[in-house]
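# What the coordinates show
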Amino acid sequence: MVAKGDWQTFLSLKGEKILMVTRKHHFVVIVPIIIISCLALFFISSAFFFFEYILISHSLFIVTTLLLISAAISLITKAIIDWYFHMYMVTNRKILELRYTPLTSYLVNDVMLDRVSCTEIDLRTNGFLNELIDMGDIIMTFDRPTHQEEFVLKDICGSHKLANFLTQKLMDDREQEPVLPMWYRRPIISRTT
């Protein structure tokens, strides 16, 4: 596990400063927890009816209930872990998506900002509820022909504020650096005396 002060050395390049680290909105993890809990209660009540009135076995009801509770807790834990280890990082040199699922997968998707030009940043909010809780998708379109053209930060909390921050940050970076094509090479001036 990376300590809070070690973010600078974790997944960063030389001279790179981490500007922001964010996760998906909390609502994304709350909905599966509620659904799993409701399903567990439904199956426990069905097991109660089955084992109390049809099969008449108290011990089988207790075993089934413990099994259903154990399965529900395992699924809820997996949903929380998947949410917690999926984050987005914005640095002064790249935008990075990090998704880690313990024992199953590890995904790092990044865009080096000095290699591409960001052509637009779009904000998409789906529905009234997402607008109310300030959850949305930020879609960044890049001019890179060899890779996917869009980089999506999905279900972000505070998406309006983050979209404004990214737009301002990318505009500030472009004002400081001259825009030169990738194939441009400064002329070599040799002095002969």
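The following refers to the structure shown. Just so we're clear, the structure is a prediction, and the values are computed from it rather than from any experiment. (Residues numbered from 1 in each chain as written. Predicted model: local features only at pLDDT ≥ 70, side-chain atom pairs only at ≥ 80, totals over all residues. Heavy atoms only, no water.)

Moving on, we come to the side chain of Thr-22. You can see Thr-22 is positioned in strand E1 (residues 18-23). With near-sequence residues (within four places) excluded, Thr-22 lies in contact with Met-87, Tyr-88, Ile-156 and Leu-162. (Helix = DSSP H or I, 4+ residues; strand = E, 2+ residues; numbered from the N terminus. Contact = heavy atoms within 4.5 Å.)

Right, let's talk about the nonpolar core for a bit. Counting residues in each nonpolar core, the largest one holds 16 residues, and the members touching the most others are Ile-138, Met-140, Phe-142, Phe-151, Leu-153, Leu-162 and Leu-166. Where this core is concerned, the elements lending two or more residues are strand E2 (86-91), strand E6 (135-142), strand E7 (150-157) and helix H4 (159-176). (Core = buried A, V, L, I, M, F, W, Y, C linked by side-chain atoms within 4.5 Å. Buried < 20%, exposed > 50% of the residue type's maximum accessible area, 1.4 Å probe, protein only.)

Attention shifts here to helix H2 (residues 58-84). The terminal C-alpha atoms of H2, which comprises 27 residues, lie 39 Å apart, in line with the 39 Å expected from a rise of 1.5 Å per residue. Taken together, the buried positions of H2 are occupied by Phe-61, Thr-65, Ala-72, Ile-76, Ala-79 and Trp-83. Looking at the buried side of H2, the elements it contacts are E1, helix H1 (27-54) and E2. Put simply, Ser-57 is the residue that caps the front of H2, since its side-chain oxygen is 3.3 Å from the backbone nitrogen of Leu-60. (Expected span 1.5 Å × (residues − 1). Polar contact = N/O pair within 3.5 Å; in protein donor to acceptor, adjacent residues only side chain to side chain.)

We now examine H1. A rise of 1.5 Å per residue sets the reference length of H1, with its 28 residues, at 40 Å; its end C-alpha atoms lie 40 Å apart and thus fit the reference within 8%. The complete set of buried residues in H1 reads Val-29, Ile-36, Ala-40, Ile-44, Ala-47 and Phe-51. The inward-facing, buried residues of H1 abut H2. Looking at the residues trailing H1, positive phi occurs at Ile-56, about 50 degrees.

Among the surface-exposed residues, Phe-48, Phe-49, Phe-50, Tyr-53, Ile-54, Leu-55 and Leu-60 lie close enough to one another that they form a single nonpolar patch of about 720 Å² accessible area. No other element matches the 5 residues that H1 contributes to the nonpolar patch. Judged by its relative accessible area of 38%, Phe-48 is partly exposed. (Patch = residues over 30% accessible without salt bridge, like charges linked within 9 Å, V, L, I, M, F, W, Y side chains within 5 Å. Areas by Shrake-Rupley, 256 points an atom, 1.4 Å probe, with all protein chains shown as cover. Salt bridge = Lys/Arg side-chain N within 4 Å of Asp/Glu carboxyl O.)

With that out of the way, let us pick up the pattern of salt bridges. When their charged atoms lie close together, side chains carrying opposite charge are able to pair. Under the defined criterion, the tally for this structure stands at 4 salt bridges. The closest approach of N and O atoms between Asp-82 and Lys-78, which form a salt bridge, is 2.7 Å. Taken together, the residues span about one helical turn, with Asp-82 and Lys-78 both in helix H2 at a distance of 4 residues. Judged by its relative accessible area of 42%, Lys-78 is partly exposed. Put simply, Asp-137 and Arg-124 hold a salt bridge, and the shortest N to O gap is 3.3 Å. Of the two residues, Asp-137 is situated in strand E6 and Arg-124 in strand E5 (residues 118-124); the sequence distance between them amounts to 13 residues. Each member of the salt-bridge network shares a partner with another, and the members are Arg-124, Asp-137 and Lys-154.

In short, the description is geometric, and any link to function would need to be established separately.
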